[in-house]
Amino acid sequence: EAGVTQFPSHSVIEKGQTVTLRCDPISGHDNLYWYRRVMGKEIKFLLHFVKESKQDESGMPNNRFLAERTGGTYSTLKVQPAELEDSGVYFCASSQGYGLAGHTDTQYFGPGTRLTVL
Amino acid sequence: AQSVTQLDSHVSVSEGTPVLLRCNYSSSYSPSLFWYVQHPNKGLQLLLKYTSAATLVKGINGFEAEFKKSETSFHLTKPSAHMSDAAEYFCAAGYGNKLVFGAGTILRVKS
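Here's what I pulled together on the structure shown here.

1. Thoughts on the pattern of salt bridges
On inspection of all chains with the given rule, the structure shows 10 salt bridges over all chains. The salt bridge partner of A:Asp56 is B:Lys98, with a shortest N-O separation of 3.8 Å. Taken as a pair, A:Asp56 in strand S6 (residues 53-56) and B:Lys98 in strand S11 (residues 98-101) lie in two separate chains rather than in one. A:Asp56 gets classed as partly exposed once you look at its relative accessible area, which sits at 23%.

2. Observations concerning the nonpolar core
Residue and element names in this part refer to chain B. Membership of the largest hydrophobic core comes to 28 residues, with the highest contact counts inside it found for Trp 35, Phe 74, Leu 76 and Tyr 89. The element contributing the most residues to this core is strand S10 (residues 87-95), with five residues. With residues near it in sequence (within four places) discarded, Leu 76 still touches Val 19, Leu 20, Leu 21, Trp 35, Leu 47, Leu 48, Phe 63, Glu 64, Ala 65 and Tyr 89.

3. Side note on the state of the cysteines
With the rule as written, the count across this model stands at two disulfides over all chains. The disulfide partner of A:Cys23 is A:Cys92, and the gap between their sulfur atoms is 1.8 Å. Around the S-S axis, the bridge from A:Cys23 to A:Cys92 shows a dihedral of about -65° and counts as left-handed. Separated by 69 residues along the polypeptide, A:Cys23 in strand S3 (residues 19-24) and A:Cys92 in strand S9 (residues 88-95) bring together distant segments of the chain. Classification of A:Cys23 by relative accessible area gives buried; the value is 0%. Paired by a disulfide, B:Cys23 and B:Cys91 hold their sulfur atoms 1.9 Å apart.

Thresholds, definitions, all that
Residues numbered from 1 in each chain as written. Chains lettered and ligands numbered in written order. Predicted model: local features only at pLDDT ≥ 70, side-chain atom pairs only at ≥ 80, totals over all residues. Heavy atoms only, no water. Salt bridge = Lys/Arg side-chain N within 4 Å of Asp/Glu carboxyl O. Helix = DSSP H or I, 4+ residues; strand = E, 2+ residues; numbered from the N terminus. Buried < 20%, exposed > 50% of the residue type's maximum accessible area, 1.4 Å probe, protein only. Core = buried A, V, L, I, M, F, W, Y, C linked by side-chain atoms within 4.5 Å. Contact = heavy atoms within 4.5 Å. Disulfide = S-S within 2.5 Å.

Okay, here's the thing in structure tokens:
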């Protein structure tokens, strides 16, 4: 079974440009998450989809970030326009969503996309 | 606020000696707790997970972690380090469906 895949693995763009990151979750996983690790900091939650709906987007830093999950399959995260502080590694994760009540589902992570904004 | 603290940013051990990576969490209840490992140029791989069953959790590659509610700790151990264990390790707590991560501990294994 294929794991979570992310594309591209690396992206280098200039400040003010637009970048779109893609995540393909494990087949059958209704839950999809985006996280980000800025250099030297913790991995931080950005948002959570259940199928095509945004369940929690409390971690999105500002309105330059737009996440979509059309049809409840793959997801994209667009940054427009990119700023220097957006540089970091963007991780996607997915989970089935059938964990024990009151417990957090096991989330399976992709390899990440390393974004560098110059 | 919910937080996870990994007490050591770097740990260095010799091959064949025990590994201890420390993690504390803050919460008024017992969250789900996880340890992940990231090898260079790879994604995060789940090592083990605690969900209020047994307090001693066994994971992959000989790792285990013990949940201690009184100390709000979830330290990761391995009896004998192998060169292939060199990586960055992340402790995470689950609050709802959101994971809160520690800052990571880089494990170096010396031959």
